[in-house]
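Topology and contacts: notes
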There are 4 protein chains.
Amino acid sequence: MLVVMKAHATERDIADVCERIEKAGFRAHAIPGAQRTAIGITGNQGAVELGLEEMAGVAEVIRVSKPYKLVSRDARDSNTIIKFPNNDATIGGTEFAVVAGPCSIESREQAFAVAERVAAAGARFFRGGAYKPRTSPYAFQGLGEEALKIMAEIRDRFGLIVITEAVDNESLELVEKYGDMIQIGARNMQNFSLLKRAGRAKKPVLLKRGIAATLEELLMAAEYIMSEGNYNVALCERGVRTFADHTRNTLDLSVVPAVQRLSHLPILVDPSHGTGKRNKVTPLSRAAVAVGADGLMVEVHNDPDRALSDGPQSLFPDQFDHLMEEVRQIANVVGRTMTSPAVHSTANSAH
Amino acid sequence: MLVVMKAHATERDIADVCERIEKAGFRAHAIPGAQRTAIGITGNQGAVELGLEEMAGVAEVIRVSKPYKLVSRDARDSNTIIKFPNNDATIGGTEFAVVAGPCSIESREQAFAVAERVAAAGARFFRGGAYKPRTSPYAFQGLGEEALKIMAEIRDRFGLIVITEAVDNESLELVEKYGDMIQIGARNMQNFSLLKRAGRAKKPVLLKRGIAATLEELLMAAEYIMSEGNYNVALCERGVRTFADHTRNTLDLSVVPAVQRLSHLPILVDPSHGTGKRNKVTPLSRAAVAVGADGLMVEVHNDPDRALSDGPQSLFPDQFDHLMEEVRQIANVVGRTMTSPAVHSTANSAH
Amino acid sequence: MLVVMKAHATERDIADVCERIEKAGFRAHAIPGAQRTAIGITGNQGAVELGLEEMAGVAEVIRVSKPYKLVSRDARDSNTIIKFPNNDATIGGTEFAVVAGPCSIESREQAFAVAERVAAAGARFFRGGAYKPRTSPYAFQGLGEEALKIMAEIRDRFGLIVITEAVDNESLELVEKYGDMIQIGARNMQNFSLLKRAGRAKKPVLLKRGIAATLEELLMAAEYIMSEGNYNVALCERGVRTFADHTRNTLDLSVVPAVQRLSHLPILVDPSHGTGKRNKVTPLSRAAVAVGADGLMVEVHNDPDRALSDGPQSLFPDQFDHLMEEVRQIANVVGRTMTSPAVHSTANSAH
Amino acid sequence: MLVVMKAHATERDIADVCERIEKAGFRAHAIPGAQRTAIGITGNQGAVELGLEEMAGVAEVIRVSKPYKLVSRDARDSNTIIKFPNNDATIGGTEFAVVAGPCSIESREQAFAVAERVAAAGARFFRGGAYKPRTSPYAFQGLGEEALKIMAEIRDRFGLIVITEAVDNESLELVEKYGDMIQIGARNMQNFSLLKRAGRAKKPVLLKRGIAATLEELLMAAEYIMSEGNYNVALCERGVRTFADHTRNTLDLSVVPAVQRLSHLPILVDPSHGTGKRNKVTPLSRAAVAVGADGLMVEVHNDPDRALSDGPQSLFPDQFDHLMEEVRQIANVVGRTMTSPAVHSTANSAH
């Protein structure tokens with residue numbers, strides 16, 4: 001904490017501020033400058049709320065120390081690499097992780113049709129919504145446990161790792177049972193009750209950035225999960241809300257190097273929600289791998305025009321094939337590995 | 001829905017779009033213009049996802065119909081007035097409702113000290129946090145059920161109506177038991193699971209606007225609650241996140257007349273979270289009553305400098321007295337009633 | 001300036017940072033804390049760019065001192081009151097200044113019709129655009145000098161003080177000649193070449209906040225004008241750009257007390273551009289006077305539906321009468337004076 | 001234009017709206033829907049301001065037609081390719097254009113030192129500020145004409161194309177005389193007086209997106225230039241202002257494919273201003289070429305720690321070499337050509 005005094009602050013004002021700080025059990029360090037004095041506070045753990053801003057002669061109070069602990073590179077220098085028991089795929093290592101699938105699981109047929117195509121194209125992670133947070137109560141809300149069972153079958157059939165969203169404690173329990181990785185959606189990024197529950201889960205967590213979350217808030221949401229003991233957390237940028245209206249959200253790719261500087265946690269990018277428009281998903285996917293993200297989360301649907309949710313931003317399977325080709329070439333340039341589609345497709349036919 | 005065609009769209013492009021619309025069971029109305037053709041879609045309930053934006057010749061797809069039903073003035077013309085069983089205070093009528101109290105209930109002594117002062121100043125609603133959503137897992141998280149019991153005592157002792165936040169199904173059950181009105185906080189505005197549970201509660205709900213929620217999203221969150229059968233919903237503006245850095249959030253007072261035009265639900269304003277700075281709470285409270293809000297939610301603490309949360313934005317009791325004086329005078333001008341502090345203070349001494 | 005070191009920074013890292021600061025001729029003050037060290041820099045005038053952020057062990061560099069001088073309350077404690085030679089109206093004193101008139105001067109008839117009504121309602125300042133910054137080059141761009149001549153006549157006829165916008169050096173020269181106060185519009189708030197020219201003008205300046213300007217940028221734009229010698233500057237909040245879509249802009253009323261805390265310059269509010277919707281102008285005008293603004297700038301048109309610009313946000317004269325009544329009552333409550341419409345109308349008939 | 005009526009609008013309300021539209025000389029097309037009626041307006045050129053939103057029964061007025069003409073792909077289908085007389089470099093063709101140089105020209109030595117390095121690394125365009133728009137009037141404002149003369153020498157010596165900013169009519173005249181391409185900065189994107197002057201210039205224009213400009217406003221600013229006869233316009237994304245605080249601005253890469261869909265004009269990306277942090281320039285440069293931009297604008301300084309402006313975001317020459325290597329590899333993947341550094345460096349030594 002740093003207290004900046006006004007230019008006209010008196011010696012007395014400064015002494016009063018120092019006294020209040022010392023009385024609260026902290027240390028005050030007055031730093032006289034040419035125009036004004038600043039007072040540093042040390043000895044505090046986190047924010048100090050002493051009403052300093054309202055004292056005579058005080059211009060401003062600036063918070064200095066950062067509140068994150070476990071998520072920070074101060075706590076762990078090497079990157080977190082998330083591993084999965086029944087598969088050698090990883091998130092956060094040299095592998096570029098591609099998560100693909102429909103917004104919602106609508107039926108066994110639809111889910112299998114999409115899974116077959118994304119696996120063949122080289123994706124090793126499958127996404128699909130069972131519990132859908134929808135703006136309208138009258139919109140399709142997901143198939144629930146039935147969808148989870150379909151995804152468990154997909155894991156067995158295609159060797160894909162299943163990631164799906166939990167929206168409350170009840171659904172989290174089921175996702176933990178059927179899925180491989182628990183997604184916390186953007187709308188729940190500060191649902192602290194849910195974060196704590198995810199922190200007690202035995203499966204890794206994919207935490208999406210809230211639509212108006214600062215980098216610090218995103219990291220603190222991950223801190224909630226880690227503080228309960230679950231250290232397998234990956235972050236995901238999915239666009240933030242701004243005045244810009246040419247896309248549904250504004251994809252903030254600069255958060256990728258910013259996270260990597262501060263934290264050891266991996267970060268993925270979701271260009272489907274990040275743009276909301278099918279014709280922008282592939283260019284922004286290229287940009288995401290180029291900027292250095294650890295992976296990609298993309299919506300693919302076998303028949304987007306009839307999708308029950310997010311149709312306009314879902315790719316056709318052929319478009320996803322094309323995306324994978326382009327992403328793979330850039331991944332090579334930036335030193336990331338991806339499984340080749342040929343190898344994978346052989347693996348599939350072995351099933 | 002309206003499909004705007006490009007200037008160079010061919011007759012064939014237009015026919016294709018119309019055909020897709022008709023095939024989906026809706027009606028297409030082509031409107032030829034000087035430069036380009038637009039195609040109206042009718043017969044649809046809510047959004048149509050036909051992939052039209054990706055079709056040849058299509059420039060843009062514009063959603064026209066609004067998704068809200070029960071919250072809308074189309075559904076109910078006269079204002080919703082929320083009443084409470086053991087008190088004649090109301091929200092949404094001519095009374096200007098003042099909700100005041102500490103951010104968190106920290107102890108019986110602190111809560112009673114604040115309650116006494118805000119009741120004496122003329123507030124008829126008491127706020128106090130039992131379950132606190134905090135950005136950091138290491139910050140004070142609230143006293144839980146103990147806090148709820150203290151507030152129940154406060155209701156009995158001071159005749160105040162108790163409003164407190166629920167953060168998950170478990171806490172909602174307890175808030176419903178001990179409190180008079182259930183608050184859903186900004187971070188949970190799109191926690192649809194919690195909204196549905198609140199919709200099945202027997203107590204009124206105060207729904208705060210999310211930090212980046214559009215007016216439509218705010219109304220749809222209220223629609224979630226109402227669609228489960230609970231029609232006693234009040235909204236609350238508490239500042240939105242923008243680039244502006246002179247306040248913690250940017251208080252958007254224009255949302256008050258905007259809500260009133262579209263919806264019959266009452267809307268309060270919270271200038272404490274809306275500004276995050278004690279010295280701005282009173283001016284913005286004056287503005288809130290002047291703009292036509294149905295009430296005010298203000299943080300007051302008997303000793304803000306030692307508050308466990310939100311100290312910098314909490315008023316001293318004397319400042320709250322002053323705020324009430326100023327608000328009362330403007331309330332008179334805009335045709336709102338408020339109980340006088342004298343009458344109230346007598347009532348208190350009768351206890 | 002304050003340099004925050006990482007928790008793991010070595011003694012050597014700290015010494016290196018201090019050395020670089022001292023070599024540049026400033027003083028370094030190391031403040032060791034429980035977890036990390038911070039280093040204060042003094043002796044610098046304004047920002048220091050020493051590449052400190054990129055040095056080993058450095059977590060963050062925080063700018064502490066504020067760059068404004070002349071606009072600051074540090075430079076002048078008492079409020080600036082702007083006076084006008086041929087009229088006793090003021091901006092920044094106890095008088096609540098009301099500026100009203102059409103967006104554009106379209107003809108002598110239109111301008112006189114509006115001026116007569118706003119003067120009769122008690123406004124003492126007249127606004128009207130001669131040079132219009134329009135998003136489209138094909139939209140009406142203003143009548144130029146002809147409009148200025150019409151406004152000069154209006155001053156003589158109705159005793160109103162004329163405020164009109166300059167968009168470049170040429171138009172500024174003419175506005176200075178014909179008008180009483182020079183407006184710099186939101187789009188030109190950081191047109192520093194124009195600000196400097198306005199700083200050399202002999203007439204007061206009304207500076208509108210840019211659509212995405214921080215408080216600091218607004219004050220620094222005023223500093224540009226004052227640094228050239230023109231100390232008669234009033235600021236104007238006219239809405240900022242956010243994600244919110246229920247109004248054209250988001251009117252940020254909290255900037256009023258924020259300006260008043262930091263600066264001695266007066267600040268007005270423009271709810272017409274601030275909301276972009278006629279039905280929101282009156283409620284937000286009430287809020288503006290209640291929050292403590294020094295005045296109001298409102299668009300009024302005798303026939304808004306045929307206005308060549310900004311019709312949807314312009315009030316009918318009868319609506320403006322009503323607005324003035326409401327504003328006057330709240331002005332009384334907050335200790336502001338306004339001329340009564342009756343007196344004024346007599347003055348007019350004396351002409 | 002489309003007028004959406006309320007659900008309860010009467011036949012009479014609808015007839016009134018249609019009548020007002022027809023009286024104004026346009027055509028009204030009523031489209032009855034299941035719940036409400038919409039009314040399309042045709043025959044209008046641009047926006048119609050008939051006060052419809054305030055009429056009885058009207059819920060909303062939606063603008064449909066886009067105001068841009070010359071910038072639009074409707075006007076010209078093939079991409080604009082900007083050429084330069086004394087050099088075969090292009091902007092908008094298959095070549096990926098790299099513009100590099102210091103924020104400000106500080107001296108002949110500094111400028112030559114930087115130019116030599118960026119030319120050797122393969123950049124074919126040189127940037128350098130002669131007139132600097134600075135937030136503070138007390139900050140370095142640029143060397144003016146002296147800087148322009150230095151840059152003219154650089155063109156002759158290194159074969160680089162010179163791009164530099166004009167801030168008013170006077171500086172534009174000089175930039176037109178000494179430079180090869182006129183930059184209009186973000187703060188002047190809606191300085192329409194300057195845009196018109198640039199539209200009468202004989203040199204191509206690089207137009208930077210304003211800090212809070214929508215895509216439509218950016219395109220309309222280009223329309224201002226083109227409407228005066230100058231068709232050689234390139235756009236440049238340089239970050240927009242949002243709540244996010246981990247970068248100086250939020251670089252909006254999705255605007256690149258969005259521009260390319262609507263307009264034939266080339267678009268560059270400036271990751272230096274877009275992030276404001278040296279350590280983020282290279283990752284975002286990779287992302288910019290990957291997303292499909294036509295070029296890059298990067299700040300490079302021979303001694304960033306002593307730069308008079310923008311030091312923290314300027315690259316060291318060695319960092320720029322590294323950036324070019326990475327960008328070149330991704331350019332290959334996305335089908336863009338870049339001159340190789342070796343060839344270029346030979347060309348230089350031939351001088």
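Residues numbered from 1 in each chain as written. Chains lettered and ligands numbered in written order. Predicted model: local features only at pLDDT ≥ 70, side-chain atom pairs only at ≥ 80, totals over all residues. Heavy atoms only, no water.

1. Some words on the overall build of chain A
For clarity, the threshold we go by: For helices the rule is a DSSP run of H or I covering at least 4 residues; for strands it is a run of E covering at least 2, with both sets numbered from the N terminus onward. Pairs of residues are marked as contacts when any of their non-hydrogen atoms sit within 4.5 Å. To measure how exposed things are, a 1.4 Å probe is used in the Shrake-Rupley method; for residues, cover is taken only from the protein chains shown.
Looking only at helices and strands, chain A has 11 helices and 14 strands in total. Dimensions of chain A along its principal axes, counting C-alpha atoms only, are 80 × 40 × 40 Å. In chain A, the proportion of contacts linking residues at least 24 apart, taken out of those at least 6 apart, comes to 69%. A total accessible area of about 11800 Å² is found for chain A, and carbon and sulfur atoms account for 49% of it.

2. Topic: the packing of helix H5 (residues 192–199) of chain C against helix H6 (residues 215–227) of chain C
All names here are of chain C. Short version of the rule: Angular values range over 0 to 180 degrees, each being the angle between N-to-C directions of two axes fitted as lines to C-alpha atoms, with helices fitted over their stretch in contact. What sets the label is the angle itself: under 35 degrees gives roughly parallel, over 145 gives roughly antiparallel, 65 to 115 gives roughly perpendicular, and the rest give oblique. Each crossing gets its hand from how the near helix is turned against the far one by less than a right angle, where anticlockwise is left-handed and clockwise is right-handed.
Where H5 meets H6, the closest approach of the two axes is 6 Å, and the angle between their N-to-C directions is 45°. In terms of their interaxial angle, H5 and H6 are classed as oblique. You can see that H5 and H6 cross each other, and the crossing is right-handed. Facing H5, whose interface residues are Phe192, Leu195, Lys196, Ala198 and Gly199, H6 presents Ala221, Tyr224 and Ile225.

3. Things to note about the relation of the copies chain A and chain C
Selection criterion: Least squares is the method for superposing the copies, and the C-alpha atoms it fits come from residues with pLDDT of at least 70 in both.
The two copies are related by a screw motion: chain A maps onto chain C through a turn of 180° and a shift of 0.0 Å along the axis, at an RMSD of 0.0 Å. Here the transformation between the copies is reduced to the relation of a two-fold axis. When C-alpha positions in chain A are compared against the rotation axis, the closest is assigned to A:Phe243, at 2.2 Å. When the interface residues of chain A are mapped onto chain C, 100% of them again lie at the interface, so the same face is used by both copies.

4. A look at the interface of chain A and chain C
Cut-off, in case you're wondering: Summed over both partners, the accessible area (1.4 Å probe) lost when two parts come together is defined as the buried area. We define a polar contact as two N or O atoms separated by no more than 3.5 Å, with the added condition that, inside protein, one atom must be a possible hydrogen donor and the other a possible acceptor, whereas residues neighbouring each other in sequence contribute only through side-chain atom pairs. Any residue outside Ala, Val, Leu, Ile, Met, Phe, Trp, Tyr, Cys, Pro, Asp, Glu, Lys and Arg is labelled polar, Gly included; the first ten of those are nonpolar and the last four are charged.
Across the boundary between the two partners, chain A contributes 26 residues, which contact 26 residues of chain C. Summed over both sides, the interface between chain A and chain C buries roughly 2300 Å², with carbon and sulfur atoms accounting for 56% of that surface. Counting every contact that joins chain A to chain C gives two residue pairs in polar contact (both at pLDDT 80 or more). Those elements that place two or more of their residues in the side of chain A that touches chain C are strand E1 (2–5), strand E2 (27–32) and strand E4 (58–62) of chain A. The residue inventory of the side of chain A that touches chain C, partitioned by class, reads nine nonpolar, seven polar and 10 charged.

5. Topic: the relation of the copies chain B and chain A
Once turned by 180° and shifted 0.0 Å along the axis, chain B lies on chain A with an RMSD of 0.1 Å. Both copies present the same face, since 100% of the interface residues in chain B are matched by interface residues at the equivalent positions in chain A.

6. Observations concerning the sheet that holds strand E12 (residues 233–237) of chain B
Hydrogen bonds between backbone atoms are what pair the strands of a sheet, whose relative direction is either parallel or antiparallel. All names here are of chain B. Here is the rule we go by: Note: two strands are recorded as paired if DSSP finds a minimum of 2 bridges between them.
Read once around its circumference, the closed barrel built from eight strands follows the order E7-E8-E9-E10-E11-E12-E13-E14, with strand pairing classed as parallel. Strand-to-strand twist of the sheet, defined as the mean angle between neighbouring strand axes without regard to direction, takes the value 25°. Direction of pairing for strand E13 (residues 267–269) relative to strand E14 (residues 295–299): parallel, over a ladder of two bridges. Looking at the pairing, leucine 268 lines up with glycine 295 of E14. Contacting E12 and E13, helix H7 (residues 255–262) runs over the sheet at an angle of about 175° to E13. Packed onto the sheet, helix H10 (residues 317–333) meets strand E7 (97–101) and E14 and runs at close to 165° relative to E14.

7. Digging into the pattern of salt bridges
The condition is simple: The working definition used for a salt bridge is a side-chain nitrogen of Lys or Arg within 4 Å of a carboxyl oxygen of Asp or Glu. Type-normalised accessible area, obtained with a 1.4 Å probe on protein chains alone, sets the label of each residue: buried when under 20%, exposed when over 50%, and partly exposed for intermediate values.
Under the defined criterion, the tally for this structure stands at 84 salt bridges over all chains. The closest approach of N and O atoms between A:Arg117 and A:Asp318, which form a salt bridge, is 2.8 Å. Placement of A:Arg117 in helix H2 (residues 108–120) and of A:Asp318 in helix H10 (residues 317–333) is noted, with a sequence separation of 201 residues between them. Given the relative accessible area of 30%, A:Arg117 is considered partly exposed. When the shortest N-O distance is used, the salt bridge between D:Arg286 and D:Glu326 registers 2.7 Å. Taken together, the positions of D:Arg286 in helix H9 (residues 278–291) and D:Glu326 in helix H10 (residues 317–333) put the pair 40 residues apart, joining distant regions of the chain. D:Arg286 sits in the buried class, given a relative accessible area of 13%. Overlapping salt bridges, with partners in common, bring together A:Asp88, A:Glu95 and A:Arg124 in one network.

8. Topic: the confidence of the model for chain A
It should be kept in mind that the predicted coordinates are not to be read in detail where pLDDT is low. Residue and element names in this part refer to chain A. As a reminder, the rule being used: Note: pLDDT gives the predictor's confidence per residue, expressed from 0 to 100.
Taken as a whole, chain A shows an average pLDDT of 90; of its residues, 93% reach a score of 70 or greater. In this model residues 343–351 is a low-confidence stretch, pLDDT under 50, and it forms 14 contacts with partners more than four residues away in sequence or in other chains. Of the two predicted TM-score estimates for the complex, the pTM is 0.89 and the ipTM is 0.88.

9. Observations regarding empty space enclosed by the protein
Vacant regions in the atomic arrangement are exposed by a probe of water-molecule size rolled over the atoms. Defined as follows: The rule is simple: put a 1 Å grid over the protein atoms alone, call a set of points where a 1.4 Å probe fits but cannot get out a cavity, call an open set with protein on both sides within 12 Å along at least five of seven lines a pocket, and count a residue as lining if it has an atom within 4 Å of a point. Grid points are joined across faces, edges and corners, and a volume is the space filled by probe spheres set on the points.
All chains considered together, the criterion is met by nine cavities of 30 Å³ or more. Empty space within the largest cavity amounts to approximately 120 Å³. Classifying every residue of the lining of the largest cavity by side-chain character gives six nonpolar, four polar and four charged.

10. Here we look at the sheet that holds strand E2 (residues 27–32) of chain C
Residue and element names in this part refer to chain C. On the basis of which strands lie adjacent, the open sheet formed by four strands has the order E2-E3-E1-E4 and antiparallel pairing. Lying at the two open borders of the sheet, with one neighbouring strand each, are E2 and strand E4 (58–62). In this sheet, neighbouring strand axes are inclined to one another by 20° on average, regardless of whether the strands run parallel or antiparallel. In terms of strand pairing, E2 meets strand E3 (residues 37–42) through six bridges, oriented antiparallel.

11. With respect to the interface of chain B and chain A
The interface is formed by 48 residues belonging to chain B together with 48 residues belonging to chain A. In total, about 3600 Å² of surface goes out of reach between chain B and chain A, with carbon and sulfur atoms giving 45% of it. Applying the counting rule to chain B against chain A returns two salt bridges. Between A:Glu217 and B:Arg241 there is a salt bridge whose closest N-O contact spans 2.6 Å. In this assembly, chain B and chain A are joined by 18 residue pairs in polar contact (both at pLDDT 80 or more). With five residues, the single largest contributor to the side of chain B that touches chain A is helix H6 (residues 215–227) of chain B. Across the side of chain B that touches chain A, the residue classes tally to 16 nonpolar, 14 polar and 18 charged.

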